[in-house]
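Chains, contacts and geometry: an overview
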Amino acid sequence: MRGFLRDRLVLVWLVLIGATLFSTGIGGTTGLARSGDGAAVTAAVLAIAFGKVAAVIFNYMDIRRAPGALKILWGAWLAVVLTVLMGIYRTGL
Amino acid sequence: MRSKSTLGRVPGEAGIWILIFGEMSVFSALFAAFLYYRGRDVSGFTASQAQLSKAIGLLNTVFLLTSSLFVALAVRATVRMRTIAAPRLYIAGLTCAAAFILLKAFEYYTLFARGITVGSNTYFGFYFGLTALHLGHVLIGSGVLLALAIATRTPSSEPKRFALIESGGCFWHMVDALWIIIFALLYLVE
């Protein structure tokens, strides 16, 4: 069991589940942070979602062991899409 | 001169990455459109979002994250020639996919029962459009997982075959990654 919990793939899954529970807790119309700043909650929810996607791409798709160019490409793609989505949300474009 | 391991290796077939980049970019355009229209009707989108069950969205996210774990473990078991463990792990991933599909069908049913359809408003147009498009990918991915469960019952060290198996795994992880963003946008954005 301890060996299982030391497995990187399992640890990544635990982090993904923890991040999911946290963002579900703070987000949405029944979120724990409902009385707070909706923009800040949304920024956190989107940032956590893209962090989770990065974890899946780098660990489960094994991009962490891919050539540097592919790692940079994925990192840049995630950063650009997150920035564009945040920008549309904040400015109401 | 750097060794091959330092330079890294591209997982799966090169073509799968073109597909994955393309698919994720198309979905991202839809995500951007969703937020654009949300900005024009924040109260309407918020009221519609309140019609959804966050618990169902959360449970479905757990199903897909867990299926991704099983598939990642399965691909590793395939590399290690574990012809008993690998198919079982793909089947475990497939079981999580089936749970996702059943729960999504239940969610659609509860919405339809309340008279909510794709034509109800812009929010639900996006909700049904995005989730149905994603569900199509889940169904295709489930077929891929079933094929991998069958294929990995016999050991093979042929690199081409392994690249195909790894590509199938990457496709499934893409399905999981897309859902992570869909869940955040449809259920959690305030």
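Residues numbered from 1 in each chain as written. Chains lettered and ligands numbered in written order. Predicted model: local features only at pLDDT ≥ 70, side-chain atom pairs only at ≥ 80, totals over all residues. Heavy atoms only, no water.

**Re the overall build of chain A**
Secondary structure assignment for chain A yields four helices and zero strands. For chain A, the α and β elements follow one another from N to C terminus as α-α-α-α. Counting only C-alpha atoms, chain A reaches 40 × 35 × 10 Å along its principal axes. A total of 93 residues make up chain A; the buried ones form 47% of that total. On chain A, roughly 4,500 Å² of surface is accessible, and the fraction owed to carbon and sulfur atoms is 71%. (Helix = DSSP H or I, 4+ residues; strand = E, 2+ residues; numbered from the N terminus. Buried < 20%, exposed > 50% of the residue type's maximum accessible area, 1.4 Å probe, protein only. Areas by Shrake-Rupley, 256 points an atom, 1.4 Å probe, with all protein chains shown as cover.)

**Let's talk about the overall build of chain B**
What chain B contains, in helices and strands, is seven helices and zero strands. Walking chain B from its N terminus toward its C terminus, one meets helices and strands in the order α-α-α-α-α-α-α. Along the longest, intermediate and shortest principal axes, the C-alpha atoms of chain B span 55 × 40 × 20 Å. When burial is assessed residue by residue, chain B has 52% of its 190 residues classed as buried. For chain B, the computed accessible surface area is about 8,100 Å², with 69% contributed by carbon and sulfur atoms.

**As for the packing of helix α3 (residues 38–60) of chain A against helix α4 (residues 68–91) of chain A**
Residue and element names in this part refer to chain A. Taken N-terminus to C-terminus, the directions of α3 and α4 make an angle of 160°; their axes are 11 Å apart at the nearest point. Relative to α4, the element α3 lies roughly antiparallel. The chirality of how α3 crosses α4 is right-handed. Of the residues in α4, those touching α3 at Gly38, Ala39, Thr42, Ala43, Leu46, Ala47, Phe50, Val53, Ala54, Ile57 and Phe58 are Lys71, Trp74, Gly75, Leu78, Val81, Leu82, Leu85, Met86, Tyr89 and Arg90. Classifying every residue of the contact of α3 with α4 gives 16 nonpolar, three polar and two charged. (Axes fitted to C-alpha atoms, helices over the stretch in contact; angles between N-to-C directions. Parallel < 35°, antiparallel > 145°, perpendicular 65-115°, else oblique. Left-handed = near helix turned anticlockwise from the far one by under 90°. Contact = heavy atoms within 4.5 Å. Nonpolar A, V, L, I, M, F, W, Y, C, P; charged D, E, K, R; others polar.)

**Observations regarding the side chain of A:Asn59**
Residues and elements named next belong to chain A. Within the secondary structure, Asn59 is located in helix α3. Under the relative-accessibility criterion, Asn59 is labelled buried at 16%. In this structure the side chain of Asn59 is engaged in a polar contact, spanning 2.7 Å, whose partner is the side chain of Arg8. Excluding its chain neighbours within four sequence positions, the residues that come into contact with Asn59 are Arg8, Leu9, Val12 and Arg64. (Polar contact = N/O pair within 3.5 Å; in protein donor to acceptor, adjacent residues only side chain to side chain.)

**Some details on the interface of chain A and chain B**
Contacts between the two partners involve 48 residues from chain A and, on the opposite side, 45 residues from chain B. Roughly 3,900 Å² of surface becomes buried between chain A and chain B when both sides are summed, with 74% attributable to carbon and sulfur atoms. Connecting chain A to chain B are one salt bridge. The partner of B:Arg76 in a salt bridge is A:Asp7, with the nearest N and O atoms 2.4 Å apart. On the surface where chain A and chain B come into contact, there are 10 residue pairs in polar contact (both at pLDDT 80 or more). When contributions to the side of chain A that touches chain B are tallied by element, the ones reaching two or more residues are α2 (8–26), α3 and α4 of chain A. Among the elements that make up the side of chain A that touches chain B, the one with the highest residue count is α3(A) (12 residues). Taken together, the residues of the side of chain A that touches chain B sort by class into 30 nonpolar, 13 polar and five charged. (Buried area = accessible area lost by both parts, 1.4 Å probe. Salt bridge = Lys/Arg side-chain N within 4 Å of Asp/Glu carboxyl O.)

**Points about the packing of helix α2 (residues 14–40) of chain B against helix α7 (residues 159–188) of chain B**
All names here are of chain B. It is at 11 Å that the axes of α2 and α7 come closest, and there the two elements cross at 10°. Between α2 and α7, the crossing angle belongs to the class labelled roughly parallel. Of the residues in α7, those touching α2 at Ile16, Trp17, Leu19, Ile20, Glu23, Met24, Phe27, Phe31, Phe34 and Leu35 are Ser167, Cys170, Phe171, Met174, Ala177, Leu178, Ile181, Ile182, Leu185 and Leu186. Split by residue class, the contact of α2 with α7 holds 18 nonpolar, one polar and one charged.

**So, the confidence of the model for chain A**
For chain A, per-residue confidence averages 90 on the pLDDT scale, and residues scoring 70 or more make up 90% of the total. Per-element confidence in chain A is highest for α2(A), whose mean pLDDT is 96, and lowest for helix α1 (residues 2–6) of chain A, whose mean pLDDT is 74. (pLDDT = per-residue confidence, 0-100.)

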